[in-house]
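# A look at the structure
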Amino acid sequence: MSTLEIKDLHVSIETEQGTKPILKGVSLTIRTGETHAIMGPNGSGKSTLASTIAGHPRYTVDSGSITLDGEDVLTMSVDERARAGLFLAMQYPVEVPGVTMTNFLRTAKTALDGKAPSLRHWTKDVKAAMGQLRIDADFAQRNVNEGFSGGEKKRVEILQLELFHPKFAILDETDSGLDVDALKVVSEGVNREHSKGEMGTVLITHYTRILRYIKPDHVHVFVDGRIAEQGGAELADRLEEEGYDRFTATETAAVQA
Amino acid sequence: MAETTNVDEITRNPTSIEGFSEEGESLSELNTGTEQLGLKKHSHGNAPVIPEASRGERLKSYDLSDFAPLTGQEEDWRFTPLKRLRGLHSDPLTGTAPTVTVTGAPNVLTETVERTDGRIGSAAIPEDRVAAAAWAAVATATVITIPVETVADGEVLVDLAGTDSTAAAQHVVIHARRFSKAVVVLDHHGKATLAQNVEINVEDGAELTVVSVQQWDDDAVHVSSQQARIGRNARYKHVVVSLGGDLVRLTPSSVFTGPGAEVEMYGLYFADAGQHLEQRLLVDHAVPNCKSRVTYKGALQGKDAHTVWVGDVLIRKAAEGTDTYETNRNLLLTDGARSDSVPNLEIETGLIEGAGHASATGRFDDEHLFYLMARGIPERTARRLVVRGFLNEVIQQIGVPALEERLSEAVEVELAAGNL
């Protein structure tokens, strides 16, 4: 059982207009086996939270803490965080020239486990996971994300999730840009990994539709860098009917994420 | 780095990926907006250039006096810093050329011949002033012959050891007789200021690989014309690897003279601070049903590292059924480097199988690094992973394991020197 604990987190970014605060005191505790949905309008800071947990250099933590089983995540480098068990499925996975998927997956797995995976099992695992996510076998020889469609990139993110077995997965708008079929395939992948009972999941989404396939235990609504409301799965249903209007009606300044 | 599959697509979709430009002509536009590269606007605009009507009409002559002295404004010299040619284009070529030692493949014939030998000029005609100057200056040539229907017994290793920095000329002829098969490695190293002609004659049904490695000392200058004449149903593979030297300018060309032939041309170049590595290619589809593939990849690091790739493909009226594709990719590892990439495709017949080109120049940036590190990969490993993977595609084409290993190691050394 692991715990990812975020306490009173304040995060800002540097812009041409100066320092801009984005997260204004976010506290959240996620435990192994739980699924948390983080919802909210554009610019509310959802993706900032995801990137900050992963350690993206663009974001500055001004105060607060993130700990993983008591260990200070904020002092870890990006790769150390990954090796500690944090996984960010990116909203916009980048294309990495010159590195094949096969080479990338094996190098990452080796780094994460501290030893090279057994070649025989690894090849089999990769093949099986690709099949389940309906990723064409020839993707293995293509460069990371190079020329992949938006949907293919998202599947490849979930492929990594299933191969790397993180302690906590943060899915940053994994549902965006997916058609219904792809959404199902991707959701099944997340559910497969989650159902092993060794992972906590943070699902960041603008829309409720992915919640039909991945059932959250907790729903948190982000507005202007804070959690404006939280509850169980029923809160998502309410949002689907009412939208974010009742939260944003009182907001005068939208915040860019 | 996106790859476009045909010319039309390039036009429609010139910058589909942020931070990447496709099509060489748009390169400078991208650079203009990237201030930290410190580049001037559009590299074509430095001097008025009168273009040839067709690449096929470029002047060819064995006579040096047919070529006007260079000004640097010529279309095919506009990227080359003439001042750094150390007189190759203007002075008598009186220095000592690199010492040629041929080993391996005992069933392959090596001769040193007088310049009156009929095999000189059998595959090439100079297309620029430096090549013509070298042609005029040499007294002898090295001729390597793979006899008729002979499979070379191992690789032919041609060691070219430079010892003199005075401007010199050299001539090498590689003659693959009909239905022969061989791999010939030209291994350039040492110090040199060299104007060189390499003539490659690939007769009907022959299968020849020529690898030209430029691992010169830091201050070497090397201008090499490597023209190949490809016979009916022949297979020709040309691989250039340029790592060392102050200025290296290669002009490899493949001219099809009989139908059914196939050509692959590969290149790898790694430019460090101040280095100028230039390659200008021509594939001349003059006859029907031939196939050509060109893949050149470059990495650049350090201030004023400069690479140039110009790929000319000419499909003449008679060349029906031609199938051609050329690709150039460049990876800018640091700020301050500059890569020019210009693919040119000239098509005189519509009755072809396919013709396309792609050029992409990208930067290894913080987002790549973040992505790889977010998967647990340490920074140093991540950087090397990208560069090694990028360049390996070309190294794999050499087919001489010992040389592949040596060049992989050389790339590692380049990377280490750049503190990557």
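Everything numeric here is computed off the predicted structure, so don't read it as measured data. (Residues numbered from 1 in each chain as written. Chains lettered and ligands numbered in written order. Predicted model: local features only at pLDDT ≥ 70, side-chain atom pairs only at ≥ 80, totals over all residues.)

## Quick look at helix α3 (residues 101–113) of chain A
Worth spelling out the cut-off: Each helix is a run of H or I in the DSSP string that is no shorter than four residues. Each strand is a run of E no shorter than two, and both are numbered from the N terminus. For a helix, the expected span equals 1.5 Å multiplied by the residue count minus one. In this scheme every C-beta is placed from the backbone, and a residue whose C-beta has 20 or more other C-beta atoms within 10 Å is buried, one with 12 or fewer is exposed, and one in between is partly exposed. Our contact criterion uses C-beta atoms placed from the backbone: two residues qualify when those atoms are within 7 Å.
Taking 1.5 Å of rise per residue, 13 residues should cover 18 Å, and α3(A) covers 18 Å from first to last C-alpha, within 8% of that figure. Of all the residues in α3(A), the buried ones are A:M101, A:F104, A:L105, A:T107, A:A108, A:K109, A:A111 and A:L112. In this structure, the buried side of α3(A) is in contact with α2 (78–84), α4 (119–132) and α5 (150–164) of chain A together with α5 (379–395) of chain B.

## Looking at the environment of B:Q170
Residue and element names in this part refer to chain B. Within the secondary structure layout, Q170 lies in strand β5 (residues 156–176). According to the C-beta neighbour criterion, Q170 is buried, with 26 such atoms within 10 Å. Taking the C-alpha atoms as reference, Q170 lies 8.2 Å from A137; in sequence the two are 33 residues apart. For Q170, the residues in contact, after removing those within four places along its chain, are A97, P98, A134, V138, L194 and Q196.

## Concerning the sheet that holds strand β6 (residues 86–89) of chain A
To summarise the sheet geometry, strands pair through backbone hydrogen bonds and adopt either a parallel or an antiparallel arrangement. Residue and element names in this part refer to chain A. Counted only if it meets this: Two strands pair under a simple rule: DSSP has to find at least two bridges between them. Axis angles are defined between N-to-C directions and span 0 to 180 degrees, where every axis is a line fitted to C-alpha atoms and, for a helix, only to the segment in contact.
Spatial strand order, β6-β7-β8-β3-β9-β10: six strands in an open sheet with mixed pairing. The sheet terminates laterally at β6 and β10 (226–231), the two strands that pair on one side only. On average, adjacent strands in this sheet sit at an angle of 20° to one another, irrespective of strand direction. Across five bridges, the pairing between strand β7 (residues 168–172) and strand β8 (residues 200–205) is parallel. Paired with A169 across the strands is T201, a residue of β8. Packed onto the sheet, α5 meets β6 and β7 and runs at close to 165° relative to β6.

## With respect to the sheet that holds strand β1 (residues 3–15) of chain A
Residue and element names in this part refer to chain A. One open sheet accounts for four strands, arranged β2-β1-β4-β5; its pairing is antiparallel. At either margin of the open sheet sits one strand with a lone partner, and together these are β2 (18–31) and β5 (71–72). With 11 bridges connecting them, β1 and β2 associate as antiparallel partners. Within β2, the residue paired with E14 across the bridge is T19. Packed onto the sheet, helix α1 (residues 46–54) meets β1, β2 and β4 (59–68) and runs at close to 70° relative to β4.

## Regarding the pairing of β1(A)
The side chains of a regular strand alternate between the sheet's two faces. Residue and element names in this part refer to chain A. Joining the antiparallel neighbours β1 and β2 is a turn of two residues. Judged from the eight bridges that link them, β1 and β4 form a sheet pairing that is antiparallel. Bridge pairing in β4 links H10 to S63.

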